[in-house]
Amino acid sequence: MKKIIILTSALFLGVAFMAYFYFSKLGIDNDAKDLALQSATNNAALVFSFRNDKGFYDIMEGQHLIQQVLGRDKMTLLKQLKTSIIDDNLLNRYLKDQQVYISVLPDSNKTLNFLITLQIQPENDIKKFYGQLKVKKAVSEKAKDLFAVKINDSLSVYLGVHGQVLTASTSLKLINDANVRLTENPFTEYIKENNRQIKNVLANIYINFNQAPLLLKNIIAGNINGEIALFNQQNSFAVLNYNFSKEKILFNGSTELKDQHNYLKLFENTAAQNTFIQNILPDNTANYALYAYDDYRKWLKKLNTWQEKKEILSKTDAVIKSVKNDYRTDLNFIFTNYTKNQFIVFQLSTSEKLGAISLSDGEKTKQLLLDVSTDYNDDIKLFKSADILYSYFGEPFKKFTRPYYTIVDNNLVVANNASTVQSFLNHYKNNRLLIETPQYLDAVNEISTTSNVSYYINTKNSADIFRHNIQLSFYRHLRADSGLKSFDTFCYQMSADKNKFITNLLLNKYIQPEIPDSLSNR
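An account of the accompanying structure is given in this report. Remember, predicted model here, so these are calculated numbers, not experimental data.

Points about the packing of helix H10 (residues 296-309) against helix H12 (residues 331-338)
- In the contact formed by H10 and H12, the axes pass within 8 Å of each other and the chain directions differ by 125°. On the basis of their axis angle, the class for H10 and H12 is oblique. Every residue of H12 that contacts H10 at Tyr296, Arg297 and Leu300 is listed here: Phe335, Thr336 and Asn337.
- In terms of residue class, the contact of H10 with H12 is made up of three nonpolar, two polar and one charged.

Concerning the environment of Asn52
- Here Asn52 is to be found in the loop between strand S1 (46-51) and helix H2 (54-61).
- Judged by relative accessible area, which is 2%, Asn52 ranks as buried.
- When the C-alpha positions of Asn52 and Leu95 are compared, they lie 7.1 Å apart, and in sequence the two are 43 residues distant.
- When neighbours within four sequence positions are excluded, Asn52 is seen to be in contact with Tyr57, Ile86, Asn92, Leu95, Lys96, Asp97, Gln98 and Val100.
- Among the polar contacts made by the side chain of Asn52, one reaches the side chain of Tyr57 at a distance of 3.0 Å.

Some words on the pattern of salt bridges
- For the structure on display, the rule yields 16 salt bridges.
- Measuring nitrogen to oxygen at the nearest pair gives 3.7 Å for the salt bridge that ties Glu363 to Lys366. A residue pair is termed a helical-turn pair when its members lie 3 or 4 positions apart in one helix, as Glu363 and Lys366 do in helix H13 (residues 362-368) at three residues.
- Notably, a salt bridge pairs Asp375 with Lys381, separated by 3.0 Å at the nearest N-O pair.

A closer look at the side chain of Asn194
- Inspection of the secondary structure puts Asn194 in helix H8 (residues 186-197).
- Filtering out sequence-adjacent residues up to four positions away, Asn194 remains in contact with Tyr206 and Val239.

Brief notes about helix H6 (residues 126-136)
- Taken together, the buried positions of H6 are occupied by Ile126, Phe129, Gln132 and Leu133. Along H6, the residues classed as buried sweep out an arc of 120° about the axis, all on the same side. Seen from the buried face of H6, the exposed residues on the opposite side, beyond 90 degrees, are Lys127, Lys128 and Val135.
- Next to the buried residues of H6 lie helix H4 (72-86), helix H5 (89-92), strand S4 (138-143), strand S5 (146-152), strand S6 (155-162) and strand S7 (165-169).
- At the N-terminal boundary of H6, the capping side chain belongs to Asp125, with an oxygen 2.9 Å from the backbone nitrogen of Lys127.

Quick look at the packing of aromatic side chains
- In the structure shown here, the tally under the stated rule is 35 aromatic pairs.
- Aromatic pair Phe50 and Phe56: ring centres 4.1 Å apart, planes at 10°, arrangement stacked. This pair shows no difference in class: Phe50 is buried, exactly as Phe56 is.
- A centroid spacing of 5.6 Å and a plane angle of 70° characterise the contact between Tyr94 and Phe129, whose relative ring orientation is edge-to-face. Remark: Phe129 occurs in helix H6 and Tyr94 occurs in the loop between H5 and strand S2 (99-107); sequence separation between them is 35 residues. By the burial criterion, Tyr94 is buried, and Phe129 matches it.

Cut-offs and rules
- Residues numbered from 1 in each chain as written.
- Predicted model: local features only at pLDDT ≥ 70, side-chain atom pairs only at ≥ 80, totals over all residues.
- Heavy atoms only, no water.
- Axes fitted to C-alpha atoms, helices over the stretch in contact; angles between N-to-C directions.
- Helix = DSSP H or I, 4+ residues; strand = E, 2+ residues; numbered from the N terminus.
- Parallel < 35°, antiparallel > 145°, perpendicular 65-115°, else oblique.
- Contact = heavy atoms within 4.5 Å.
- Nonpolar A, V, L, I, M, F, W, Y, C, P; charged D, E, K, R; others polar.
- Buried < 20%, exposed > 50% of the residue type's maximum accessible area, 1.4 Å probe, protein only.
- Polar contact = N/O pair within 3.5 Å; in protein donor to acceptor, adjacent residues only side chain to side chain.
- Salt bridge = Lys/Arg side-chain N within 4 Å of Asp/Glu carboxyl O.
- Arc of directions from axis to C-beta.
- Phe/Tyr/Trp six-rings, centres within 6.5 Å; stacked < 30°, edge-to-face > 60°.

What follows is the structure, given as structure tokens:
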């Protein structure tokens, strides 16, 4: 009996010891992974993540479009690091199968740079890796846990060491910033949560819109205002999985809005809609933001609740009441009865800005708005009162205080200048439309036909806008043959899925079909 008790006790202690050893080791592994994430996500707006695996590199070798996006200098850096470290079997055995994070961060002198973060395999000693690296490369110690590594004759990088975690960059600033690890970082927690849900994905990109202003300040030539002002208050994250293709760059995933006051919250928990209002846009459209919902009356209630939270409902109510008193026009009756399920704001290549709202009955709406409008000519009118559209549609129409407007084919189209509305009409009447261009058709065929929020940029039509609004170095990359010049379309499309948005991000290059040579068949 004593032997049984002794054996049972020994077995129990053995199991307890193994469990303690396993979970303590697991805790160390997780601590290292957390440190790697904390370094990668500190101040980062974009984090590209993949596993250090031969299959990944084999696939990326043929991804020439990604190479164009990154640019020649950044691509050369990554290739040289891969050749010197990953392709070296003695060095790579310490890093094999580990998660690699490439963070895109603002650097000095209005530039962007990479921070590469990964951890040494838990069963390996980082001192042995350092020793092996020292044998292979010229290494000099700059400070405690900070080294300079000469990769080859033309490239040196800084290497930060923290426990099992390595950080590498050509920028000393980024290495030092990465050492300030935030123990509480919502972006880190967001990535950890989504890593548990994502399986069998070769590569993904994480977006922290909270840090977007830091990137934009290094890209744009002026202040963050106008259409991009929303990035100043965009408390949201996205996780997107890369779809490997030689024809296009396409990411699919989800966007999550954390701020309850975010305007885009008005489109959550709403069925994605077939959109058509973009079909009226001129062929010289540079960009647009399209919004869709299932029912305007229900959406207006959500807008009013949002206005109340933002403490502007009393102002919008005063606008509506003033119009009723001054012009005996019931705006509530007009908009709740004749507004359909989508609206759009867009900008032309000339920088002129317009907006449009879909209507169920354009002619009836035109008649009902007569008393609150002044004639400019037969086709174009001017609202007598300010902030009418802002009161009924919110932020996208805030800049159209007292706009000129026209109604065509059940669409109310507005702009701040009559000449802009006339320019739109000229394109529309002559069928010079964006929907008629092969580049646009090719792009929209790559993404969903339904959505709630869609952002679109036509890179060719936006060339002059970019030239006046972004730093010269980035503009050169946009217009370079080896850069982004051949890409014609950018889309960020969001479709509500309860409290998240299913998201498609597309960077498309239209390839004109080859015309068969009729003589070759003879």
